[in-house]
Protein chains: 2
Amino acid sequence: MKNEVNRAQWAKTKYALGIDLGGTGTKFGLVNDEGKVLRWNSIPTQQYPEIDEYCDVLCDGMRRLVADEGLTMADIVGIGCGAPNANFYSGCIEQAPNLPWKGIVPFAKLISERMGVKCTITNDANAAAQGEMIYGSARGMKNFIVITLGTGVGSGIVIDGKLLYGHDGFAGELGHCKIDHSGNGRLCGCGQKGCIEAYASATGVARTAKEIVTSTTQPTLLRQVADIDHITSKDVFDAAEKGDLVAKEIFDYTGRLLGEKLADFVHFSSPEAIILFGGLTKSGHWIMDPIREALDANLMPIWKGKIPVSISVLKDSDAAILGASSLAW
Amino acid sequence: MKNEVNRAQWAKTKYALGIDLGGTGTKFGLVNDEGKVLRWNSIPTQQYPEIDEYCDVLCDGMRRLVADEGLTMADIVGIGCGAPNANFYSGCIEQAPNLPWKGIVPFAKLISERMGVKCTITNDANAAAQGEMIYGSARGMKNFIVITLGTGVGSGIVIDGKLLYGHDGFAGELGHCKIDHSGNGRLCGCGQKGCIEAYASATGVARTAKEIVTSTTQPTLLRQVADIDHITSKDVFDAAEKGDLVAKEIFDYTGRLLGEKLADFVHFSSPEAIILFGGLTKSGHWIMDPIREALDANLMPIWKGKIPVSISVLKDSDAAILGASSLAW
């Protein structure tokens, strides 16, 4: 009996579960206190229109990871989750445009009840920023911004070494700053028109590509993509690599829009660095060069050339899980 | 002797000097620890192209306030100064576009040496935010943004009850976020083109008015202003009050631009409120209505209708001095 108590106490600082809840898929992993993802798995988020069923499947999956590692739930100190529109203060996912569950979902409570340990949630980009600060490019930094460029555009803002939550827990919705105020901008998942998310996400790049292919006659390799409705930013990257000028223009356009907005963010919080994360960063210099150029072109003289923009050095599959799990420690 | 020591110790929490260093004039005042400006005076900033002469005149003026109140410098706990482009960390005013002194001016040191007490400086808008937090509309708030609308557009951002300084002390340069990225926007004092400051400051409103009067034939009372080169936002206000449609359009245009940018700022830091301060706010509902409308029209659903924008309740002549002096306590 005594041994069991000791083992539980010792294990208390040893393992956590991390959940990276995305619009398309949910990845979850078992992490040790050295920041190693020991085991992970995933489920397709969109396949569960009922939140209860989703939670059941997710929790079954997490319990399996724990069991497969030869552990019990008593070894797990907590669960951290990064999710779109997750509120750190309330533990709820609130009106997330890219998730199947509408309204206010008391996600932390639903998971805590099923698993018997505390679940803490935050914005997915906040989780990524936390991951960068503890394990990634932002180690040692106290002021930086992480922008996630995936299905959407998310942001995690660190100020004086702490995640910025703001008055209500929702600070850092930079993807919903508008680049087009005309009222004719692209419809965003949030219900607004003209948000940067509708242009500078991986999805936004695909939309730009589709617009050009369907509404112009410009010659481009992108016309060879079999199903134009499912063109991806990867297709645009492949075309750019083959010297396609339209593909290059798409990245120039996207990077310029993003760089212009990043300049605004620098004027706000004066970060030491900006770190980009997510699918679109795989386009490398095609997207990074125009971003950096537009950033510098739009900064006040005191910051010109001084704000590095880099791509996360964390392994994609690990970073979000690690960042989420770090909420649990 | 003992009495004198006691008196000095007691006085240590009793008086401070506050300097509001602006592009046009510099106001300075003697403040007690109840937040009352006991005496104040001002000098014309632009009249002193040499920083040493400026400091001499300013310090003479401050010493006179102290003497006139029957005090000595031993009664003064410190000096706080709000100035454009002032760096809290370094104590320097760095490359301020609207001031006569170029390059890097070690202002805090110059004043401390002359006065024999510590001088602390910060961005003028940060000083205003500090004043709002201690004496004004933001009492009890931990997350809010103050925007100053005067010669320029400044910003003081409070996060978790503390002024935001960022990595290098320059955070909160919101006036230099661009509203026009075309390269053909209005030239701003910072050297960039298209900054919000060039449109939504009191000066920006005057520029818009002048542009309309000189480049269109629209009938407007503004044409009666004797010297169009010196038209002011007050002239535009007076015209609006008399029912002038062009004047109303100018405020609608200015307020819309400002409201759109304020929405970006809310997406960044999720403040409890936004407080406006400075000359342009005297235009009252003419400017406030379009600001509030554009703000709400550009916010994500979670914030719509929830972010109050108000005008500072502090007396203009006092607020900046009070805010600056509060750095000294």
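Keep in mind the model is a prediction, meaning the values are calculated, not measured. (Residues numbered from 1 in each chain as written. Chains lettered and ligands numbered in written order. Predicted model: local features only at pLDDT ≥ 70, side-chain atom pairs only at ≥ 80, totals over all residues.)

## Remarks on the interface of chain B and chain A
Step number 1: Between chain B and chain A, the contact holds 32 residues from the first and 32 residues from the second.
Step number 2: Considering every element that reaches the side of chain B that touches chain A, the biggest residue donor is helix α8 (residues 245-269) of chain B, with six residues. (Contact = placed C-beta atoms within 7 Å. Helix = DSSP H or I, 4+ residues; strand = E, 2+ residues; numbered from the N terminus.)

## Some words on the relation of the copies chain B and chain A
Step number 1: Expressed as a screw transformation, the operator carrying chain B onto chain A has a rotation angle of 180 degrees and an axial translation of 0.0 Å, and the superposed copies differ by an RMSD of 0.0 Å. The transformation just described matches what one would write down for a two-fold rotation axis.
Step number 2: Looking at chain B, 100% of its interface residues are interface residues in chain A too, so the copies touch through the same face. (Least-squares fit on C-alpha atoms with pLDDT ≥ 70 in both.)

## So, the nonpolar core
Step number 1: In terms of nonpolar packing, the biggest core is built from 210 residues, with A:Cys81, A:Phe107, B:Cys81 and B:Phe107 touching the most fellow members.
Step number 2: When near neighbours in sequence (up to four residues on either side) are disregarded, A:Phe107 contacts A:Cys81, A:Ala83, A:Ala86, A:Gly91, A:Cys92, A:Ile93 and A:Ile121. (Core = buried A, V, L, I, M, F, W, Y, C linked by C-beta atoms within 7 Å. Buried ≥ 20, exposed ≤ 12 C-beta atoms within 10 Å, placed from the backbone.)

## Observations concerning the pairing of strand β2 (residues 25-32) of chain B
Residues and elements named next belong to chain B.
Step number 1: Across the eight residues that make up β2, a large majority, six, are buried.
Step number 2: Where strand β1 (residues 15-21) and β2 come together, seven bridges link them in antiparallel fashion. Bridge pairing in β2 links Gly18 to Gly29.
Step number 3: The hairpin formed by β1 and β2 contains three residues between the paired strands.
Step number 4: With seven bridges joining them, β2 and strand β3 (residues 37-44) adopt antiparallel strand pairing. Bridge pairing links Leu30 to Arg39 in β3.
Step number 5: Remark: four residues form the turn of the hairpin made by β2 and β3, two consecutive strands paired antiparallel; Gly35 in that turn has positive phi of roughly 80 degrees. (Pairing = 2+ DSSP bridges.)

## Side note on the sheet that holds strand β11 (residues 273-277) of chain B
All names here are of chain B.
Step number 1: Read across the sheet, five strands follow the order β10-β9-β8-β11-β12 without closing on themselves; strand pairing throughout is mixed. In this open sheet, the two edge strands, each paired with only one partner strand, are β10 (162-163) and β12 (309-311).
Step number 2: The sheet contact formed by strand β8 (residues 144-149) and β11 spans five bridges and is parallel. Its bridge partner lying in β11, Phe144 is registered against Ala273.

## Focus: helix α6 (residues 202-215) of chain A
All names here are of chain A.
Step number 1: Relative to the 20 Å expected for 14 residues at 1.5 Å per residue, α6 spans 20 Å between its end C-alpha atoms, a close match to the ideal helical length.
Step number 2: Buried residues of α6: Ala202, Thr203, Gly204, Val205, Ala206, Thr208, Ala209 and Ile212, and no others.
Step number 3: Contacts made by the buried residues of α6 are with β8 (144-149), α5 (197-200), α7 (233-241) and α8 (245-269). (Expected span 1.5 Å × (residues − 1).)

The values are spatial; any link to function lies outside them.
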